[in-house]
Amino acid sequence: MIRKYPIEKYRNIGIIAHIDAGKTTVSERILYYTGISHKIGETHTGESQMDWMEQEKERGITICSAATTCFWSPKAYLTGEKTNEHRINLIDTPGHIDFTAEVQRSLRVLDGAIVVFDGVAGVEAQSETVWRQADKYHVPRICFINKLDRLGASFDHALETIYEKLTKNAVAIQMPLGEESQMEGVIDLIKMKAYKFEGPNGDDVKEIEVGDEFKVRAEELRSRLVEKIAGEDEELMEKYLDGKEISEEEIKKALRKATIDYKLIPVLCGTALRNKGVQLLLDAVIDYLPSPIDIPPVEGLDPKDETKVLVRHSTDDEPFAALAFKIATDPFVGTLTYIRVYSGTFKKGNYLLNTNTGEKERLGRILRMHANQREEVDEIYAGDICATVALKKTTTGNTLSDESNPIVLEQISFPEPVINIKIEPKTKDDQEKMGTSLKKLQEEDPTFRVKTDEETGEVIIGGMGELHLDILVDRLKREFGVEANIGRPQVSYKEAIDSNAEAEYKYIKQSGGRGQYGHVKIRIEPLERGKGFEFVDEIKGGVIPREYIPAVQKGIKEALEKGVVAGYSLIDVKATLYDGSFHEVDSSEIAFKIAGAQALLEAAKKAHPHILEPIMKIEVVIPEQFLGDVIGDLSARRGQIDQTEDRTGMKVIYAKVPLSETFGYATGLRSLTEGRGTFSMEFSHYEKVPANIAQEIIEGKRK
Ligand code: GDP
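A few points on the structure. Fair warning: this is a prediction, and the values are worked out from it, not measured in the lab.

A few words now on the site of the ligand. Neighbouring residues of the ligand: 16 residues in total, closest Asp20, Lys23, Thr24, Thr25 and Asp149. The backbone of Lys23 places a nitrogen or oxygen atom 2.7 Å from an oxygen atom of the ligand. The backbone of Ala272 places a nitrogen or oxygen atom 3.1 Å from an oxygen atom of the ligand. Relative to its unbound accessible area of 580 Å², the ligand is 83% covered by the protein chains. For the shell around the ligand, the element with the highest residue contribution is helix H1 (residues 23–33), accounting for 3 residues. When its residues are assigned to classes, the shell around the ligand shows 4 nonpolar, 7 polar and 5 charged.

In structure tokens:
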């Protein structure tokens, strides 16, 4: 197998931004300029972008695909030479950045990112959130200050807000050639040339000299750029101190290294809507963002011995390893599983091992998604991102690995939902669509559950936190057009026991017709958290006939689900049936089931039962001056602070807080920190509820 594109010519990138900064417009322009998109859709004109996308979809164009492959030859727009072609895989990142598995995974599979800002507002609260998330996953990035054609736009102001709120290591490598209605193009500060984008779609690029009115500012920014770069490279530092000229090539090389090491962050600019600057942005993707071989090798565990860490380098020579990062429904092909190949090669039609489930999967069809077509491919290589069709046993987060060299890239055990919300369709029409839409969302996200309350018939959705469910309800509306009302969030409490206990129950009924007789003796013991329910049958000599034993087990299980303290399910219990008796005529399955259930209730009451509550792991990122207030507030919410640390000029607090105390935290944190604090939260574990609070739960005062 021979690859067509050398791996060093790959760029697996994502665009991250807060909503409205222009992520969609930038993505579209990228697809247009990379020569594949046929036409430019515009949100502001009569032909709205959504309509355009709908139409494109009908024609089989997948602009919104989870990963779109396109090609780019830097500077070909000036020289016409396409010899230096690169393959860019543009990976879609969810618009909402939170702590759900999906977001983590999409950041995980990309090697670099473009962060888009609004040229009027600069850094907004939401851009801080996405930035901190990218920090967490060590994603090298470049910034694009967009919308510089807008009234009130200011590159300098936006740059200031980046220095101030995000990082002092940002360096402008461009500045705009005019702003607001005068915005005509971009000045490249490394080359010290200006570029104008002419023609209806800005594809006619002209290189010109930097005009006098821009020279002073351009020189200022360039000196800062050179100084910063010299600071990252010893050789260049010497030259710099000696007052020697540093060449364009030297600057680019050192800047590439510093960007990949996340020491410097190049800042570019333009206006995507007016078609100015996107070609240079694509050049910068190639020049500064890493290829798969520029980033550290991926690590995983040996499924046979989970203490052993295995490493896979981005090369075709190592055993095959890929991560399934997204499942999406495609109107033409059905379910697509998107994978990122970290190492090795693979020929279609062969088998791979899903190391999370232990099952083999045959990859019969592999597709590469382009903006306007799907390409069937026969072979895939290290660094590739593609979609596979009809994988039945693979879900998001699974590793597909060479059978004889298995590796698990991501350990996943999906926790049970810790929060439930009632959801009601607004109209009859919504009702019809809601069921199937919820089902689709559930297929994509293993931590999202849907159930119907047997007594009331209400639909209840469950998830990993308030924000998680908010996002899903929002997606329901945006992607499926289903409007729904939701109730108040309900914490999913559990119950547990602390000690062993025994109980005996005899169920006898003799009224009219046939009587009932079931008699059991059971012993219960607490199990470690997460072990679930275990049933042991110690009946000897047929004191209870075989055929009734499953009924006893069933009775116990059903009683556990109803709990004994406040109606929440009792978890992590081992129940042993060790004695009992039966009656030749009157015994029945139902009688033994009732006896089992009653015996469990009695035993559990003696075994010191109590309520458990979900505890969330929370990470709060704030400017230092708010540290005291934010910690005080977390303590008032029964939070335990684990640690605080510094991260690129901000303070990070790691804490554990009971889920029930986190409702409304987003609003609370915003008002404590003038809108600058961000946080993310995930489920950690279940813990015993303090007595006073348990009392409130039992009395129904606390939801
Ligand atoms: P997203 O929410 O980040 O995907 O943002 P969109 O790409 O949908 O853009 C949001 C709005 O900003 C739309 O109305 C766009 O037409 C507009 N927009 C995007 N880029 C620019 C730009 O460069 N200049 C101006 N004036 N508007 C822009």
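In space, the 7 strands of this open sheet follow the order E2-E3-E1-E4-E5-E11-E6, with mixed pairing throughout. With one partner strand each, in any of the chains shown, strand E2 (67–72) and strand E6 (170–172) form the two edges of the open sheet. Strand-to-strand, the axes of this sheet are offset by a mean angle of 30°, without reference to chain direction. Two strands pair when backbone bridges link them, and strand E1 (residues 10–17) and strand E4 (residues 112–118) are joined in this way by 5 bridges, in the parallel orientation.

This brings us to unusual backbone geometry. Phi is positive for Lys147, which is not a glycine, with a value near 60°. Among the structural elements, Lys147 can be located in the loop between strand E5 (141–146) and helix H6 (155–165). In this structure Lys147 comes out as buried when scored by relative accessible area, which is 17%. Here His608, not a glycine, exhibits a phi torsion of approximately 50°, which is positive. With respect to the helices, strands and loops of the structure, His608 is situated in the loop between helix H14 (589–606) and strand E34 (610–622).

Turning our attention to the sheet that holds strand E8 (residues 185–188). Sheet strands pair by backbone hydrogen bonding; their relative direction is either parallel or antiparallel. Pairing within the open sheet is antiparallel, and its 4 strands lie in the order E7-E8-E9-E10. Since the sheet does not close on itself, it has two edges, and those belong to strand E7 (174–177) and strand E10 (204–208), each with one partner. If you compare each strand with its neighbour and ignore which way they point, the axes differ by 25° on average. Two elements, strand E9 (residues 193–198) and E10, share 5 bridges in a ladder whose sense is antiparallel. Paired with Lys196 across the two strands is Lys206, which belongs to E10. Strands E7 and E8 of the sheet are contacted by helix H7 (residues 212–230), whose axis makes an angle of about 165° with E7. Packed on one face of the sheet, helix H10 (residues 278–288) meets E7, E8, E9 and E10 and runs near 125° to E9.

Moving on, we get to a negative patch on the surface. Taken together, the side chains of Glu234, Glu235, Glu238 and Asp242 define an acidic patch exposed on the protein surface. For Asp242, the position within the fold is in the loop between helix H8 (234–241) and helix H9 (248–260).

The subject of this paragraph is the packing of aromatic side chains. Counted under the stated rule, the structure contains 10 aromatic pairs. Where Phe320 meets Phe346, the ring centres are 5.5 Å apart and the plane angle is 45°; that geometry is what we call tilted. In this pair, Phe320 sits in the loop between strand E13 (305–312) and strand E14 (321–330) while Phe346 sits in strand E16 (residues 345–347), placing the two residues 26 residues apart along the sequence. Among the residues examined, Phe320 registers a relative accessible area of 4% and is labelled buried. Accessibility expressed as a relative area gives 5% for Phe346, which makes it buried. Over the face of the ring belonging to Trp131 we find Arg141, whose NZ or CZ atom lies 4.5 Å from the ring centre.

In the structure shown here, the tally under the stated rule is 3 cavities of 30 Å³ or more. Empty space within the largest cavity amounts to approximately 150 Å³. Along the wall of the largest cavity there are 14 residues; nearest its centre are Lys75, Asp188, Lys252, Asp287 and Tyr288. Looking at the lining of the largest cavity, the elements with two or more residues in it are H9 and H10. Here the lining of the largest cavity gets 5 residues from one element, more than from any other, and that element is H10.

So, about the pattern of salt bridges. Per the stated rule, a full pass over the model turns up 46 salt bridges. Between Lys75 and Asp283 there is a salt bridge, with the nearest N and O atoms lying 3.0 Å from each other. Residue Lys75 is located in the loop between E2 and helix H3 (76–79), and its partner Asp283 is located in helix H10; the two are separated by 208 residues in the primary sequence. By relative accessible area, Lys75 is classed as partly exposed at 24%. In this structure, the salt-bridge partner of Asp294 is Arg256, at a minimum N-O distance of 2.7 Å. Linking Asp294 in the loop between H10 and strand E12 (298–302) with Arg256 in helix H9, this pair joins segments that are 38 residues apart in sequence. Judged by relative accessible area, Asp294 falls into the partly exposed class, the value being 32%. Ionic contacts of the salt-bridge type, sharing partners, join the residues Arg87, Arg368, Glu375 and Asp384 into one network.

Structurally, Thr161 can be placed in helix H6. On the basis of relative accessibility, which here comes to 9%, the residue Thr161 falls in the buried class.

The next thing to look at is helix H17 (residues 691–698). Among the residues of H17, those classed as buried are Ile693, Ala694 and Ile697. Looking straight down H17, one finds its buried side chains confined to an arc of 105°; they lie on one side. Opposite the buried face of H17, at more than 90 degrees from it, the exposed residues are Ala691 and Asn692. Residues of H17 that are buried in the fold lie against E34. Once H17 ends, the next one or two residues include Gly700, with phi positive near 75°.

Glancing now at the side chain of Thr673. Looking at where Thr673 falls in the secondary structure, it is placed in the loop between helix H16 (665–672) and strand E37 (678–688). Excluding residues within four positions of it along the chain, Thr673 makes contact with Ile622, Phe626 and Val630.

What counts as what
Residues numbered from 1 in each chain as written. Predicted model: local features only at pLDDT ≥ 70, side-chain atom pairs only at ≥ 80, totals over all residues. Heavy atoms only, no water. Near = heavy atom within 4 Å. Polar contact = N/O pair within 3.5 Å; in protein donor to acceptor, adjacent residues only side chain to side chain. Areas by Shrake-Rupley, 256 points an atom, 1.4 Å probe, with all protein chains shown as cover. Helix = DSSP H or I, 4+ residues; strand = E, 2+ residues; numbered from the N terminus. Nonpolar A, V, L, I, M, F, W, Y, C, P; charged D, E, K, R; others polar. Pairing = 2+ DSSP bridges. Axes fitted to C-alpha atoms, helices over the stretch in contact; angles between N-to-C directions. Buried < 20%, exposed > 50% of the residue type's maximum accessible area, 1.4 Å probe, protein only. Contact = heavy atoms within 4.5 Å. Patch = residues over 30% accessible without salt bridge, like charges linked within 9 Å, V, L, I, M, F, W, Y side chains within 5 Å. Salt bridge = Lys/Arg side-chain N within 4 Å of Asp/Glu carboxyl O. Lys, Arg positive; Asp, Glu negative; His and termini not counted. Charge placed at Lys NZ, Arg CZ, Asp CG, Glu CD. Phe/Tyr/Trp six-rings, centres within 6.5 Å; stacked < 30°, edge-to-face > 60°. Lys NZ or Arg CZ within 6 Å of the ring centre and 35° of its normal. 1 Å grid on protein atoms, 1.4 Å probe; cavity = no way out; pocket = protein on both sides within 12 Å on 5 of 7 lines; lining within 4 Å. Points joined across faces, edges and corners; volume = space filled by probe spheres on them. Arc of directions from axis to C-beta.

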